[in-house]
Amino acid sequence: MNNMWGDMAQYGAIYWPWPIAVYLFLAGLSAGCTIVALLVKWNKHSDNTSSIWDAMVKAGAITAPVTIIIGLLLLIFDLGKPLSFYWLLISYNFGSVMSLGVLFLLVYTPLSVLFAFIIFEDSIEKSSVLSVFSFIPRIIRSFASISKLVEYILLILAICVGMYTGFLLSAISKIPLWNTPILPILFLVSGFSSGIAANILIGMAFFKGSLNKDSIKYLLVLDLRAILFELPLLFILFIGMNFQGGQSAVAAAQALSDPYYGKLFWIAVVGIGLLMPIVIAATALKNHAYKPGFIILNSVVVLVGVIALRYYIVYAGQLFTGV
């Protein structure tokens, strides 16, 4: 470990390790990608046509199910008894945040896969490799009359999944950094921001043929607004902990000033993930100019910031409890 960041050996009280932080990131990313894809799909451009085939829609449709499935597999194996995971699917306690989260995921995950099949219906029918799935588009077309209802349900579920990752932590009362009503909102907003960044990167990399500059500019505006909303949320989070006094105030001071995690927060989360996109938007992307290099840079730093935020919240929360 670089001496600048300190020695990780000094931290030993970690019960929720890095796979949990990655899962929280992937779940939020998946929810964000779904929300972004639906917003772009519903958005009308100047020619008043639907943007269903927009690169941003395709990117979100394929990224959302892939990331949530990877995240769930990571979570299952981190539990230590992956073959017993099915018990969570058949026994529910509606007073438990985890049970509600499993219920949301149980419906959201297959719907996100279904949405991907809807968006890539033509590609599936034309591809010899994917021809084994050709029956799915035919089934989907038989339910075309309720497709919009499915999209609305998927949007609601995506919002629930995005917030659930925060509720999962905030339900643990013994950890001051987690036990706050701000966390679900913060995770939803940051997940939405990461979804915008991921959709832009995947769309520009793999779906250039259907790239619509209007959609990218539309998303850049939304991303900037999300970041400007995320900054005060972080401020409120720590100010609220300070006003609570006692262990919460001590935990906030420890988390912000620690030689390793303090630098992680100020440099990676705030500096790179929040302030740098604002600077890029105010300079290189001023007036929503379409500059691919800076758009990619903007998306990368946003993703770095969101990953760092999840890692920081999970680890700093467990280490700094004010005792």
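Each chain carries its own residue numbering, running from 1 in the direction its sequence is written. Only residues with pLDDT of at least 70 are given local features in this predicted model, and only at 80 or more are side-chain atom pairs given and counted; all residues enter the totals for whole chains, interfaces and linings. Computation of side-chain values covers all heavy atoms of the structure but excludes hydrogens and water.

Caption draft 1: Region of the structure containing the overall build of the protein chain. Helix numbers and strand numbers start at the N terminus; a helix is a DSSP run of H or I with at least 4 residues, a strand a run of E with at least 2. Of regular secondary structure, the protein chain possesses twelve helices and zero strands. Starting at the N terminus and walking to the C terminus, you meet the elements of the protein chain as α-α-α-α-α-α-α-α-α-α-α-α. The proportion of buried residues among the 323 residues of the protein chain is 49%. Sequence separation of 24 or more characterises 79% of the internal contacts of the protein chain that already satisfy a separation of 6 or more. Methods summary: accessible areas were calculated by the Shrake-Rupley approach with a probe of 1.4 Å, and residue burial reflects only the protein chains presented. Taken as a whole, the protein chain presents about 15,000 Å² of accessible surface, with 70% of it coming from carbon and sulfur. Three exposure classes are used, based on accessible area relative to the maximum for each residue type with a 1.4 Å probe and protein chains only: buried under 20%, partly exposed in between, and exposed over 50%. Whether two residues are in contact is decided by their heavy atoms: any pair within 4.5 Å suffices.

Caption draft 2: Representation of the pattern of salt bridges in the model. A pair is scored as a salt bridge if a Lys or Arg side-chain nitrogen falls within 4 Å of a carboxyl oxygen belonging to Asp or Glu. Scanning all chains against the criterion turns up two salt bridges. Two residues, Lys41 and Glu151, come together in a salt bridge whose shortest N-O distance is 2.8 Å. With Lys41 in helix α1 (residues 18-42) and Glu151 in helix α7 (residues 147-170), this residue pair connects regions lying 110 residues apart in the sequence. Owing to a relative accessible area of 10%, Lys41 belongs among the buried residues under this scheme. Between Glu151 and Lys148 there is a salt bridge, with the nearest N and O atoms lying 3.6 Å from each other. Here the residue Glu151 and the residue Lys148 both occupy positions in helix α7, the gap between them amounting to three residues, near one helical turn. Given the relative accessible area of 5%, Glu151 is considered buried. Among the charged side chains, a network of salt bridges with common partners joins Lys41, Lys148 and Glu151.

Caption draft 3: Structural detail: the side chain of Glu230. Note on placement: Glu230 falls in helix α9 (residues 213-244). In this charge count, Lys and Arg are treated as positive and Asp and Glu as negative; neither His nor the chain ends contribute. In this structure, Glu230 is buried with no salt-bridge partner, the nearest side chain bearing the opposite charge being Arg310 at 6.2 Å. Here Glu230 is in contact with Leu186, Val189, Ser190, Leu274 and Leu309, once residues within four sequence places are set aside.

Caption draft 4: Main features of the packing of α9 against helix α12 (residues 292-319). All axes here are fitted lines through C-alpha atoms, helices being fitted over the stretch that makes contact, and every angle between N-to-C directions spans 0 to 180 degrees. Across the interface, α9 lies against α12 with an axial gap of 12 Å and an inter-helix angle of 30 degrees. The angle between the axes of α9 and α12 places the two elements in the roughly parallel class. Both α9 and α12 take part in a crossing whose hand is left-handed. Contact with α9, carried on its side by Ile216, Leu220, Asp223, Ile227, Glu230, Leu234, Leu237 and Phe238, involves Ile295, Asn298, Val302, Leu309, Tyr312 and Ile313 of α12 and no other residues of that element. Throughout, the term roughly parallel applies to angles under 35 degrees, roughly antiparallel to angles over 145, roughly perpendicular to angles from 65 to 115, and oblique to all others. A crossing counts as left-handed when the near helix is turned anticlockwise from the far one by less than a right angle, and as right-handed when that turn is clockwise.

Caption draft 5: Quick peek at the packing of aromatic side chains. Two rings from Phe, Tyr or Trp (for Trp, the six-membered ring) form a pair when their centres are within 6.5 Å of each other. A pair whose planes differ by under 30 degrees is stacked, one over 60 is edge-to-face, and the rest are tilted. With the rule as written, the count across this model stands at eleven aromatic pairs. Between Tyr261 and Tyr311, the aromatic rings sit 6.3 Å apart at their centres with planes inclined by 20 degrees, giving stacked as the arrangement. In this pair, Tyr261 is assigned in helix α11 (residues 261-282) and Tyr311 in helix α12, connecting sequence segments 50 residues apart. The exposure class assigned to Tyr261 is buried, which follows from its relative accessible area of 0%. Judged by centre distance (6.1 Å) and plane angle (80 degrees), the rings of Tyr261 and Phe320 are edge-to-face. Placement of the pair is Tyr261 in helix α11 and Phe320 in the segment after α12, with a sequence separation of 59 residues. You'll find Tyr261 and Phe320 in the same group, each marked buried. Taken together, the aromatic side chains of Tyr260, Tyr261, Tyr311, Tyr315 and Phe320 make up a single cluster linked through ring pairs. Distance and angle both matter: a charge sits over a ring if NZ of Lys or CZ of Arg is within 6 Å of the ring centre and within 35 degrees of the ring normal. Arg310 extends its terminal NZ or CZ atom over the ring of Phe187, reaching a point 4.1 Å from the ring centre.

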